[in-house]
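One-letter residues, chain by chain:
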Amino acid sequence: MSSHVNGTASTMSTGDLNNATAARATIHIVPDSAYMHSSLAIPESEDERQIRESYRPFLMDATTSSQDWVDALELSTVMKMVDDDLKSAGERLKVLVLSFSRLVALEASRILFRLGCDVRVYDPTGLPVKDDLQHMHPKVQELRDLSRWSDGHVWVCPEQHGNLTAVFKNQIDWIPLSTGSVRPTQGRTLAIAQVSGGSQSFNTVNSLRILGRWMRMFTIPNQSSIPKAYTQFSDAGEVDDDRLIPSDNRDRLVDCMEEFVKYTIVMRPQFQLFGDRYSERKERRRKEENAAKKEKESQLVNGIKAEDKVGGVNLGSI
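Everything numeric in this text was worked out from a predicted model, so none of it was measured.

Chemist: Help me understand the overall build of the chain in this model?
Modeler: Looking only at helices and strands, one finds ten helices and eleven strands in the chain. Per-residue burial over the chain gives 40% buried out of 318 residues. Considering only residue pairs separated by 6 or more positions, the chain has 76% of its internal contacts joining residues 24 or more positions apart. Summed over all atoms, the accessible surface of the chain reaches about 18600 Å², with 53% contributed by carbon and sulfur.

What follows is the structure in structure tokens.
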């Protein structure tokens with residue numbers, strides 16, 4: 001017995017089990033030779049010294065960088081997107097990296113930096129445990145200022161006891177969840193990654209997705225989870241010491257950073273639209289109406305008091 005579904009033939013025994021006929025047609029994008037191995041990284045001559053010293057621990061000397069695997073990546077499609085965005089927007093994508101897995105965070109930062117992003121890695125050392133007393137602590141203010149500055153975040157966290165670590169979660173907890181009904185982080189893009197000392201797991205990235213959604217951030221579909229991380233880094237004592245070795249895990253991290261930049265370029269110009277919601281517009285109108293009502297009542301009371309006074313005498317006291 002055969003039938004036709006959406007114009008294609010299928011049978012009871014060999015039907016379209018994977019629903020392939022519903023897939024959109026795809027094309028293979030040919031790499032652009034003009035951007036094949038180029039870099040849009042901020043040159044040292046144009047970078048702020050204090051920013052470079054405080055927030056770019058991933059930088060290498062020029063000789064090492066020119067021979068590095070990140071510099072050899074074929075990223076022409078996203079590179080052209082970034083170049084066009086730089087020319088039209090006139091500013092770089094601003095990326096905040098939060099982590100408690102330093103080596104992977106630095107590798108991700110190197111990829112993003114080559115893609116022209118203004119990358120700043122926050123060091124959580126000295127950040128107090130979240131409470132309701134230390135909001136003015138310098139490390140808290142530094143973290144909040146960086147989050148406010150950013151267009152998107154990259155979160156990298158190790159998995160311990162089957163989930164994210166307290167040190168990483170503490171950084172997220174210090175970023176205010178809301179100001180009234182508005183999330184200060186809403187509309188920003190987010191890329192997530194985890195490392196595990198043992199076998200493959202996705203517990204931490206799943207928890208990070210929940211956090212990102214709760215903070216109204218757009219978490220990109222792709223993600224990175226690196227198992228047995230102690231086997232994934234070079235320890236040869238050479239220029240590539242403590243660097244990710246070639247593997248599918250490294251390729252997936254590149255995929256995530258490439259996808260993160262693409263989504264951020266597309267979404268940044270529409271930032272205001274993503275914060276515009278019916279429920280918040282309704283709440284804003286309610287507050288404005290209440291404020292106008294109180295102002296009117298105040299003016300009425302003041303008017304009555306003024307009428308009670310004749311020639312400087314308060315008639316109500318006679």
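Still to come is the rest of the account.
Chemist: What's the story with the confidence of the model for the chain in this structure? I'm lost.
Modeler: Low pLDDT means the predicted coordinates in that region are not meant to be read closely. With 86% of its residues at a pLDDT of at least 70, the chain reaches an overall mean of 87. This model gives residues 1-11 a pLDDT under 50, and the stretch forms twelve contacts once residues within four places in sequence are excluded.

Chemist: For this particular structure, what's the right way to read the environment of Leu190?
Modeler: Relative to the helices and strands, Leu190 is located in strand S7 (residues 189-195). When its relative accessible area of 0% is taken as the criterion, Leu190 is described as buried. Taking C-alpha positions, Leu190 is 8.9 Å from Arg209, a pair spaced 19 residues apart along the chain. If we ignore the near neighbours within four places in the chain, the residues touching Leu190 are His153, Trp155, Leu208, Gly212, Met217, Phe218, Thr219, Ile220 and Phe260.

Chemist: Looking at this structure, I do not really get the pattern of salt bridges. What am I missing?
Modeler: Opposite charge on two side chains permits them to pair, given that their charged atoms come into close proximity. Taken as a whole and judged by the stated rule, the model has 21 salt bridges. When the shortest N-O distance is used, the salt bridge between Arg268 and Asp85 registers 2.9 Å. You can see Arg268 sitting in the loop between helix H8 (248-267) and helix H9 (271-274) and its partner Asp85 sitting in helix H3 (residues 76-89), a full 183 residues away along the chain. Here Arg268 and Asp85 have matching classes, each one buried. Lys94 is the salt-bridge partner of Asp151, the closest N and O atoms lying 3.5 Å from each other. You can see Asp151 sitting in the loop between helix H5 (138-149) and strand S5 (152-160) and its partner Lys94 sitting in strand S3 (residues 94-99), a full 57 residues away along the chain. According to the relative accessible area criterion, Asp151 is buried, its value standing at 15%. Since its relative accessible area comes to 15%, Lys94 is described here as buried. Here the salt bridges share partners, and the residues they tie into one network are Asp47, Arg52, Arg56, Asp118 and Arg120.

Chemist: So what exactly am I meant to see when it comes to unusual backbone geometry here?
Modeler: Working note: non-glycine residues mostly have negative phi, and peptide bonds are mostly trans. Even without being glycine, His161 reaches a positive phi, approximately 55°. Position of His161 among the secondary structure elements: in the loop between S5 and strand S6 (163-164). Judged by its relative accessible area of 88%, His161 is exposed. Although it is not a glycine, Arg216 adopts a positive phi angle of roughly 55°. For Arg216, the location among the structural elements is in the loop between helix H7 (203-214) and strand S8 (218-219).

Chemist: Explain the packing of H3 against H8 to me, please; I cannot follow it from the model alone.
Modeler: What describes two packed helices is the angle between their axes and the distance between those same axes. Orientation of H3 relative to H8, taken along the N-to-C sense of each, is 30°, at an axis distance of 10 Å. Compared by their axis directions, H3 and H8 come out roughly parallel. In this structure, H3 crosses over H8, and the sense of that crossing is left-handed. Together, Val78, Met81, Val82 and Asp85 of H3 and Glu258, Val261, Lys262, Ile265 and Val266 of H8 make up the contact between the two elements. Each residue belonging to the contact of H3 with H8 can be placed in one class, and the counts come to six nonpolar, no polar and three charged.

Chemist: Looking at this structure, I do not really get the environment of Lys139. What am I missing?
Modeler: Within the secondary structure layout, Lys139 lies in helix H5. A residue is classified by how much of its surface remains accessible, and Lys139, at 15% relative accessible area, is buried. Distance in space between the C-alpha atoms of Lys139 and Thr125 is 8.4 Å, their sequence separation being 14 residues. Leave out the neighbours within four places in its chain, and Lys139 touches Tyr122, Asp123, Thr125, Gly126 and Leu127.

So, how was this worked out
Residues numbered from 1 in each chain as written. Predicted model: local features only at pLDDT ≥ 70, side-chain atom pairs only at ≥ 80, totals over all residues. Heavy atoms only, no water. Helix = DSSP H or I, 4+ residues; strand = E, 2+ residues; numbered from the N terminus. Buried < 20%, exposed > 50% of the residue type's maximum accessible area, 1.4 Å probe, protein only. Contact = heavy atoms within 4.5 Å. Areas by Shrake-Rupley, 256 points an atom, 1.4 Å probe, with all protein chains shown as cover. pLDDT = per-residue confidence, 0-100. Salt bridge = Lys/Arg side-chain N within 4 Å of Asp/Glu carboxyl O. Axes fitted to C-alpha atoms, helices over the stretch in contact; angles between N-to-C directions. Parallel < 35°, antiparallel > 145°, perpendicular 65-115°, else oblique. Left-handed = near helix turned anticlockwise from the far one by under 90°. Nonpolar A, V, L, I, M, F, W, Y, C, P; charged D, E, K, R; others polar.

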